[in-house]
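What the coordinates show
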Amino acid sequence: MAPVLADTSWSSAAQIAGDVAAGELSAAAVVDDALARIEKLNPALNAFTAVIVERARAKAKTVDAMRGRQRLPLAGVPFAVKNLFDIAGLATVAGSKINRVDAPARHDSPLVERLEAAGAVLVGALNMGEYAYDFTGENVHDGPSRNPHDLTRMSGGSSGGSGSAVGGGMVPLALGSDTNGSIRVPSSFCGIFGLKPTYGRLTRARTFPFVASLDHLGPFARATRDLAVSYDAMQGPDAADPVCTDRAVEPVTGALARGLEGLRIAVAGGYFRKGASAEALDALARVGKAAGARDEIEIPEAARARAAAYVITATEGAALHLDRLRKQAGDFDPAVRDRLIAGAMVPATLVSKAQIFRRWYREQVLKLFARYDAILAPATPCTAPKIGQHTFVLDGIEMPLRPNVGVFTQPISFIGLPVVAVPVPLQPLPVGVQIIAAPWREDIALRVAYALERMGVVAAPPPRLDGGWNGH
């Protein structure tokens, strides 16, 4: 049967790869379909900052030429990356104005290379908060990326373009970064799945950093299996990233169907309930019940962990940008600039105390995983706020929105635990739940997510068709 063009706007990466491998679709047709959707939808969603049309079409032709000669688990799957990933021929802007005059990257990021080696096709770079210091998806230079379920609402940050592109049906797969929550927050707001792997699991080479001791990279998708397949394709040591593990590749896709049998799952209480909206608590209750979580536990000193994460973020981020702050302060987003300047003035004694506490906190949390295989917690305290909104109510108190959206994500990434964010399709807006596992146990978090998805408890809802735009 000759390959035909089909609407793949809401197809999973696994479906696309299977159809391309079987000859039912051509990679060229799939990529052209994605490029057409990007051209149509990006003016509304503002997810892409660069589209690489000719390169994508050339790669798709190469994938088609390899059909039948090599197994490609992501054959013909269009994907895009946050614009802090190096893409050969493009400047790595990292959401900033300053980096736009940099020379184009000479090589792709290793994670881009690994996905393309698995048959995926890079189609472009995605909008993000400046220098990844953001939870909202609002960028003063490129404009905000918009929520696919309500264009007046935030996509979340700092990987906002990644959430918007996947949740809006432009691509089935995207990459982002997560320092304090920048994969999990957009996943929650945009109603998609996101994986923040264990710190050091995926190489960060040839990406623009934010906080070296907290930065993670990972995928967004509309199905758990797509997270697993892409994660498997990206694993592997890399001497170019000094913290990248030399552990052997540990594939997870084959374990997805093992389900929940034998797993001990708990729900995080205390700090992780305080301040959560009714919607966030509803989502957590649904996921907890379906997962068979009988125990509610306390993660010790989570509030202090968040405070310590802020100290380390502010100081490491400031150190990275100190020269830029001295020479080009006027070219920063003022909100980012001011926080970096404040970070430069944090006393060294506080940083030392934060790092000492960090070791203690990690030891205490790891003790919980002697009793439980996974812990559930809200991903965000609320559904997506309005673009331009500056405050929200947290635990009965009106608080600044931008620094507080990550209240539930920061205590987890602070010690590098693997997390899958899963979307609960509430109305009118989805909201996410974190599935947290012990270090290097991405397989468990993904197993739980896959089981919940098969039950229908978690799912990526299609974009809303109202609001003056055509989501499909």
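Quick caveat: nothing in here was measured; it's all calculated off a predicted structure.

This next bit is on the overall build of the protein. If you tally the helices and strands in the protein, you get 14 helices and 15 strands. Computed over the C-alpha atoms, the radius of gyration of the protein is 21 Å, within 12% of the 23 Å expected from 2.2 N^0.38 for a compact globule of 472 residues. Across its three principal axes, the protein shows a C-alpha extent of roughly 65 × 55 × 50 Å. Contacts in the protein between residues at least 24 apart in sequence constitute 77% of all its contacts with a sequence separation of at least 6.

Right, let's talk about the sheet that holds strand β3 (residues 121-126) for a bit. Here we have eleven strands laid out as an open sheet, ordered β1-β3-β2-β6-β8-β7-β14-β15-β11-β9-β10, and mixed in their pairing. Of all the strands in the sheet, just β1 (48-51) and β10 (295-297) have a single pairing partner and so form its edges. Going from strand to strand, the sheet's axes swing by 30° on average, the running direction of each strand aside. Bridge count for strand β6 (residues 173-178) against strand β8 (residues 216-221) is six bridges, and the pairing is antiparallel. Each residue of the ladder has a partner; that of Leu175, found in β8, is Pro219. Strands β9 (265-268), β11 (374-378), β14 (419-424) and β15 (431-437) of the sheet are contacted by helix α8 (residues 278-291), whose axis makes an angle of about 160° with β11.

Checked against the element boundaries, Arg201 lands in the loop between β7 (193-196) and β8. The contact partners of Arg201, leaving out residues within four places of it in the chain, are Tyr231, Gln235, Cys244, Thr245, Arg247, Ala248, Glu250, Trp440 and Glu442.

Most of helix α5 (residues 160-167) is tucked away: eight of the eight residues are buried. Here α5 has its buried residues at Gly160, Gly161, Ser162, Gly163, Ser164, Ala165, Val166 and Gly167. Looking one or two residues beyond α5, the residue adopting positive phi is Gly169, at roughly 85°.

For the structure shown, the criterion picks out 23 salt bridges. With a shortest N-O distance of 3.2 Å, Arg55 and Glu116 are connected by a salt bridge. One end of the pair, Arg55, is in helix α3 (residues 53-65); the other, Glu116, is in helix α4 (residues 110-117), and 61 residues separate them in sequence. In this structure, the salt-bridge partner of Arg247 is Glu250, at a minimum N-O distance of 3.1 Å. We classify Arg247 as partly exposed; its relative accessible area is 32%. One continuous salt-bridge network, built from bridges that share partners, spans Arg55, Asp108 and Glu116.

Let's shift gears to the environment of Ser277. Mapping Ser277 onto the fold places it in the loop between β9 and α8. Ser277 sits 142 residues away from Phe135 along the chain, and the two C-alpha atoms are 17 Å apart. Ignoring any residue separated from it by four or fewer positions in sequence, one finds Ser277 in contact with Pro381 and Cys382.

The next thing to look at is the environment of Gln364. Its location among the elements puts Gln364 in helix α11 (residues 348-368). Sequence separation between Gln364 and Ser177 is 187 residues, and the spatial gap between their C-alpha atoms is 26 Å.

Moving on, we come to the packing of aromatic side chains. Within this structure, the stated rule accounts for ten aromatic pairs. A centroid spacing of 5.7 Å and a plane angle of 35° characterise the contact between Phe357 and Trp360, whose relative ring orientation is tilted. Linking Phe357 with Trp360, this pair stays in helix α11, spanning three residues, or about one helical turn. Here Trp360 falls in the partly exposed class, since its relative accessible area comes to 36%. One aromatic cluster is present, formed by Phe357, Trp360, Tyr361 and Phe414 through successive ring pairs.

With that out of the way, let us pick up the environment of Gly176. You can see Gly176 is positioned in strand β6. Residue Gly176 is classed as buried on the basis of its relative accessible area, which comes to 0%. As a C-alpha pair, Gly176 and Gly218 span 42 residues in sequence and 5.7 Å in three-dimensional space.

Most of β3 is tucked away, with six of its six residues classed as buried. Pairing analysis gives three bridges linking β1 to β3, with the strands arranged antiparallel. Among the inter-strand pairings, Val51 is bridged to a residue of β3, identified as Gly124. Summarising the sheet, strand β2 (residues 78-82) and β3 pair through five bridges and their orientation is parallel. Bridge pairing in β3 places Val81 opposite Ala125. The β-α-β motif built from β2, the intervening α4 and the parallel element β3 has right-handed crossover chirality.

Turning to the nonpolar core, a few remarks are in order. Ranked by size, the top nonpolar core spans 150 residues in total, and within it Phe48, Ile299 and Phe414 carry the most contacts. Ignoring any residue separated from it by four or fewer positions in sequence, one finds Phe48 in contact with Ile38, Asn42, Ala80, Val123, Gly124, Ala125, Leu126, Ala165, Met170 and Val171.

All right, on to the confidence of the model for the protein then. The predicted model of the protein has a mean per-residue pLDDT of 96, with 97% of residues at 70 or higher. Taken together, the stretch residues 467-472 has pLDDT below 50 and engages in 22 contacts with residues farther than four places along the chain or on a different chain.

Two elements in contact, helix α2 (residues 27-45) and α3, have axes whose closest approach is 8 Å; the angle formed by their N-to-C orientations is 155°. Considering their axes alone, α2 and α3 lie roughly antiparallel with respect to each other. Classified by chirality, the crossing of α3 by α2 is right-handed. Residues Ala27, Ala28, Val31, Asp32 and Leu35 of α2 form the contact with α3, whose own contacting residues are Val53, Ala56, Arg57, Ala60, Val63 and Asp64.

So, how was this worked out
Residues numbered from 1 in each chain as written. Predicted model: local features only at pLDDT ≥ 70, side-chain atom pairs only at ≥ 80, totals over all residues. Heavy atoms only, no water. Helix = DSSP H or I, 4+ residues; strand = E, 2+ residues; numbered from the N terminus. Rg over C-alpha atoms; globule rule 2.2 N^0.38 Å. Contact = heavy atoms within 4.5 Å. Pairing = 2+ DSSP bridges. Axes fitted to C-alpha atoms, helices over the stretch in contact; angles between N-to-C directions. Buried < 20%, exposed > 50% of the residue type's maximum accessible area, 1.4 Å probe, protein only. Salt bridge = Lys/Arg side-chain N within 4 Å of Asp/Glu carboxyl O. Phe/Tyr/Trp six-rings, centres within 6.5 Å; stacked < 30°, edge-to-face > 60°. Right-handed = clockwise from strand over helix to strand, strands pointing away. Core = buried A, V, L, I, M, F, W, Y, C linked by side-chain atoms within 4.5 Å. pLDDT = per-residue confidence, 0-100. Parallel < 35°, antiparallel > 145°, perpendicular 65-115°, else oblique. Left-handed = near helix turned anticlockwise from the far one by under 90°.

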